[in-house]
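Summary of the model geometry
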Amino acid sequence: DGGITQSPKYLFRKEGQNVTLSCEQNLNHDAMYWYRQDPGQGLRLIYYSQIVNDFQKGDIAEGYSVSREKKESFPLTVTSAQKNPTAFYLCASSIGGYAYGYTFGSGTRLTVV
Amino acid sequence: GESVGLHLPTLSVQEGDNSIINCAYSNSASDYFIWYKQESGKGPQFIIDIRSNMDKRQGQRVTVLLNKTVKHLSLQIAATQPGDSAVYFCAETYTNAGKSTFGDGTTLTVKP
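Residues numbered from 1 in each chain as written. Chains lettered and ligands numbered in written order. Predicted model: local features only at pLDDT ≥ 70, side-chain atom pairs only at ≥ 80, totals over all residues. Heavy atoms only, no water.

1. Some remarks on the overall build of chain A
Short version of the rule: Only DSSP runs of H or I covering at least 4 residues are called helices, and only runs of E covering at least 2 are called strands; the numbering of each starts at the N terminus. Here the globule rule reads 2.2 Å times residues to the power 0.38, and the radius of gyration is calculated from C-alpha atoms. Type-normalised accessible area, obtained with a 1.4 Å probe on protein chains alone, sets the label of each residue: buried when under 20%, exposed when over 50%, and partly exposed for intermediate values. Contact definition: two residues touch when any of their heavy atoms are within 4.5 Å. The Shrake-Rupley method, run with a 1.4 Å probe, gives the accessible areas here. Residue values count only the displayed protein chains as cover.
Scanning chain A from terminus to terminus reveals zero helices and eleven strands. Reading the secondary structure of chain A in the N-to-C direction produces β-β-β-β-β-β-β-β-β-β-β. In terms of overall size, chain A behaves like a compact globule, its C-alpha atoms giving a radius of gyration of 13 Å where 113 residues would be expected to give roughly 13 Å. With the C-alpha coordinates of chain A rotated into their principal frame, the extents come out at 35 × 25 × 25 Å. Across the 113 residues that make up chain A, the buried fraction comes to 50%. For chain A, long-range pairs separated by at least 24 residues make up 53% of all intrachain contacts whose partners lie at least 6 apart in sequence. Accessible area of chain A: about 5500 Å², with a carbon and sulfur share of 47%.

Okay, structure coming up:
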């Protein structure tokens, strides 16, 4: 079955540590996205990539980094510079262009301990 | 900047009733709109979409209405069921945007 897989489902980070969230898709989608969701709030865009080896900052990119070396993969690193990283992180992909919906992964819940 | 807003953060309905979830958007350049459903602890799922050259689009038990004059979008769910309980988001985008902008969501609770 085609889909988008995020791992791990739960992640605990100590203050000052960098952590990397995995996102893999086998849908042959060109575009991939990372969103952050805080309790009771909507989705805020962190980074997005419309093609391999290219990505753009979203609305809240500070303290995060990404790479897009393969079409299937778009990992997100939450760095120690992100002061409030506890949140639910969602990865999504789409065919590309603008008039297509997203397919979302099941999310990673990151908690700072 | 761009924003997509929902009129009500929460909505409670009786099982079997029809539900209407509203969304206001501010970017007049937006020409493609999507409704997503997010169940607790899961990622959002695509429900239905509509392009700006349409006023109405129907799916299975769901209808999306678009009023470009007042920049308003609504999702109607017929014969609401307990399984419809979730958070519903609208999203907007436009040509060459490369990304969608999401509203804050409406939490729908269906009472048995």
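2. A look at the sheet that holds strand β8 (residues 76-78) of chain A
All names here are of chain A. Put simply, the rule reads: We treat two strands as partners when DSSP finds at least two bridges between them. Axis lines are fitted through C-alpha atoms, for helices just across the contact stretch, and the angle between N-to-C directions can take any value from 0 to 180 degrees.
Taken in spatial order, the four strands make up an open sheet running β1-β3-β8-β7, and their pairing is antiparallel. Bordering the open sheet on either side are β1 (4-7) and β7 (64-66), each of which pairs with just one other strand. Within this sheet the neighbouring strands show an average axis-to-axis angle of 20°, counted without direction. As defined by bridge partners, β1 adjoins strand β3 (residues 19-25) across four bridges and the pair is classed as antiparallel. Residue pairing for β3: Gln6 is matched across the bridge by Cys23.

3. Observations concerning the layout of surface pockets
Where empty space is left becomes clear once a probe the size of a water molecule has been rolled over the atoms. Defined as follows: Using a 1 Å grid laid over the protein atoms alone, points where a 1.4 Å probe fits but cannot get out form a cavity; open sets with protein on both sides within 12 Å along at least 5 of 7 lines form a pocket; any residue with an atom within 4 Å of a point counts as lining. Grid points are joined across faces, edges and corners, and a volume is the space filled by probe spheres set on the points. Classes in brief: Ala, Val, Leu, Ile, Met, Phe, Trp, Tyr, Cys and Pro nonpolar; Asp, Glu, Lys and Arg charged; the others, Gly included, polar.
In this model, the largest pocket occupies a volume close to 390 Å³. Lining of the largest pocket is provided by 24 residues; of these, Gln37, Asp38, Pro39 and Gly40 of chain A together with Gln38 of chain B occupy positions nearest its centre. Listing elements by their share of the lining of the largest pocket, those giving two or more residues are β9 (87-94) and β11 (108-112) of chain A together with β9 (86-93) of chain B. In terms of residue class, the lining of the largest pocket is built from eight nonpolar, eleven polar and five charged.

4. Observations concerning the environment of Tyr102 of chain A
Keep this limit in mind: Think of a polar contact as two N or O atoms within 3.5 Å of one another; within protein, one of them needs to be a possible hydrogen donor and the other a possible acceptor, and neighboring residues in sequence only count if both atoms come from side chains.
Here Tyr102 of chain A lies in the loop between β9 and β10 (103-104). With residues up to four places along the chain from it excluded, the contact list for Tyr102 of chain A reads Tyr33, Tyr35, Ala92, Ser93 and Ser94 of chain A together with Tyr36, Phe46, Lys99, Ser100 and Phe102 of chain B. Engagement of the side chain of Tyr102 of chain A in a polar contact is seen with the backbone nitrogen of Ser100 of chain B, the distance being 2.8 Å.

5. A word on the pairing of strand β4 (residues 32-38) of chain B
All names here are of chain B. With seven of seven residues buried, β4 is to be regarded as a mostly interior element. On β4, burial covers both faces: Tyr32, Ile34, Tyr36 and Gln38 on one face and Phe33, Trp35 and Lys37 on the other are all buried. Pairing of β4 with strand β5 (residues 45-51), which is carried by six bridges, proceeds in the antiparallel orientation. Bridge pairing in β5 links Tyr36 to Phe46. Between the antiparallel neighbours β4 and β5 lie six residues, among them Gly41 with a positive phi of about 75°. Two strands pair when backbone bridges link them, and β4 and β9 are joined in this way by seven bridges, in the antiparallel orientation.

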